[in-house]
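# A closer look at the structure
The chain contents come next:
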Amino acid sequence: MAKEGAQRAEETEQMIEKEGGKEAAEGSSAGSLRAADTKEMRAVVLSAFGGLNKLRVSKKAMPEPQEGELKIRVKACGLNFIDLMVRQGNIDNPPKTPLVPGFECSGIVEALGDSVKGFEIGDRVMAFVNYNAWAEVVCTPAEFVYKIPDDMSFSEAAAFPMNFVTAYMMLFEVANLREGMSVLVHSAGGGVGQAVAQLCSTIPNVTVFGTASSFKHEAIKDSVTHLFDRNADYVQEIKRISTEGVDIVLDCLCGENTGKGLSLLKPLGTYILYGSSNMVTGETKSFFSFAKSWWQVEKVNPIKLYEENKVIAGFSLLNLLFKQNRGGLIKGVMDKLLNLYNNKKIKPVVDSLWALEEVKEAMQRIHDRGNIGKLILDVEKAPTPLMANDSTETSEAGEEEEDHEGDNENKERMPFIQ
């Protein structure tokens, strides 16, 4: 009898699944059964723009792939400075809240949407995602997904796309880096800074000048040719070494560093702005801090650029991907980068791993410029309660605190990729 009952239950479930839409219209009991079957996942949710207290881990309905998309069971997510900007709502045309932040992840392909080719269920992949990356499951178009090399870990894969594609595009696609050139990169200890240093080492006789907080110097001194404290007068230091200046300036700081960078350019040199982390000083959005930093930006005179033979450019990877439809171009760059990785020329630097529930503490570490390399949210990692409690109390208490010049020697300006 028990066996017969089990068989009948199984047949009933199959019938409900097959006739689901019809049953929902005819009775509430079938609707209740389907509601119970709805799959859920954990995700980091930003309830409103503001401080760290706007973030929480919640249950959300699991997405399913649409045509041309892959469904990925996420193992690790990348955390970038732009995620702080998103949390504050300090970006152009911010999306509506509540939302799930995050723009890159790695994991395993769990399902394929219609018309997807080149991937199979079970493939290890890394991907760009237009928001929603900080979750146990994501769906994203196949053109933004790339297979992971066999010897690359999920945490390394989550640290790879944003940092290395940004560094490669700026150096080789925008500035045309060649043998014998010189490069100045700010926040040399950050994820993009370390990627820049590694890529420069693949070209003969490239001189890399880097700025970073003094406490990071010992750890990163071998990755650059000349390293300076971020609070020092690096302009004069560089000119003492290279009287003509440098060929390429990569600026993620903005503010007063814009004028300094332009003054250091050689004739035919290229200055690239790819961030504005000096605009972020408190945990929440501060108009005063933004206005103060913006006031320090040197106004660019086109006639002066013409007379001095200098190039000024901007770079935004996410806009290139999601607004300007250059996924094909980025795929070509990823192919080159993965070839460099397979030949052991480059390797992502992972600073630390954090549980989803520790996202506030991870964000605080980026805000404090305390990391060397990339911070990763490890979806399978269990949180550390004591650390989480202590860190949350500290960060919330300092929510509106300003970052004054010369303070916080253990902080480094980190890249902001918009």
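For the chain, an unreviewed UniProt entry supplies the name Vesicle amine transport 1 like and the organism Anser brachyrhynchus. Turning to the chain, the UniProt record has this under Sequence similarities (unreviewed entry): "Belongs to the zinc-containing alcohol dehydrogenase family. Quinone oxidoreductase subfamily."

Take the packing of helix α6 (residues 161-174) against helix α14 (residues 327-342) next. Where α6 contacts α14, the axes come no closer than 10 Å and their chain directions differ by 100°. Considered as vectors, α6 and α14 are oriented roughly perpendicular to each other. In this structure, α6 contributes P161, F164, V165, Y168, M169 and E173 to the contact, and α14 contributes L329, I330, V333, M334, K336 and L337.

Moving on to the nonpolar core. As a rule of thumb, nonpolar side chains are buried together in soluble globular proteins. In terms of nonpolar packing, the biggest core is built from 99 residues, with F128, W134, F160, L250, I330 and L337 touching the most fellow members. The biggest single contributor to this core is α6, with 8 residues. Of all hydrophobic cores here, the second largest spans 12 residues; its members include F228, Y234, V249 and L262.

For helix α4 (residues 81-88), a buried count of 8 out of 8 residues is recorded, marking the element as mostly surrounded by other parts of the structure. Taken as a whole, α4 has its buried residues at F81, I82, D83, L84, M85, V86, R87 and Q88. Residues of α4 that are buried make contact with β1 (40-46), β2 (55-61), β3 (69-79), α13 (317-322) and α15 (359-367). Two residues or fewer past α4, G89 is found with a positive phi of approximately 75°.

Relative to the helices and strands, D83 is located in helix α4. Once residues within four sequence positions are removed from consideration, D83 is found in contact with G78, G102, F103, W134 and M363.

Mapped onto the fold, D251 is located in strand β11 (residues 246-251). Among the polar contacts made by the side chain of D251, one reaches the side chain of Y271 at a distance of 2.8 Å. Apart from residues no more than four positions distant in its own chain, D251 is found in contact with H186, N257, T258, Y271, I272, L273, Y274 and G275.

Under the criterion given, the structure shown has 2 cavities of 30 Å³ or more. If you trace the second largest cavity, you find it lined by A159, N163, F164, G191, Q194, A195, Q198, K347, P348, V349 and K374. Broken down by secondary-structure element, the contributors of at least two residues to the lining of the second largest cavity are α6 and α7 (191-200). The leading source of residues in the lining of the second largest cavity is α7, at 4 residues. The residue makeup of the lining of the second largest cavity, split by class, is 5 nonpolar, 4 polar and 2 charged.

Each value, and the rule that gives it
- Residues numbered from 1 in each chain as written.
- Predicted model: local features only at pLDDT ≥ 70, side-chain atom pairs only at ≥ 80, totals over all residues.
- Heavy atoms only, no water.
- UniProt positions renumbered as here; feature names shortened; annotations may be inferred.
- Axes fitted to C-alpha atoms, helices over the stretch in contact; angles between N-to-C directions.
- Helix = DSSP H or I, 4+ residues; strand = E, 2+ residues; numbered from the N terminus.
- Parallel < 35°, antiparallel > 145°, perpendicular 65-115°, else oblique.
- Contact = heavy atoms within 4.5 Å.
- Core = buried A, V, L, I, M, F, W, Y, C linked by side-chain atoms within 4.5 Å.
- Buried < 20%, exposed > 50% of the residue type's maximum accessible area, 1.4 Å probe, protein only.
- Polar contact = N/O pair within 3.5 Å; in protein donor to acceptor, adjacent residues only side chain to side chain.
- 1 Å grid on protein atoms, 1.4 Å probe; cavity = no way out; pocket = protein on both sides within 12 Å on 5 of 7 lines; lining within 4 Å.
- Points joined across faces, edges and corners; volume = space filled by probe spheres on them.
- Nonpolar A, V, L, I, M, F, W, Y, C, P; charged D, E, K, R; others polar.

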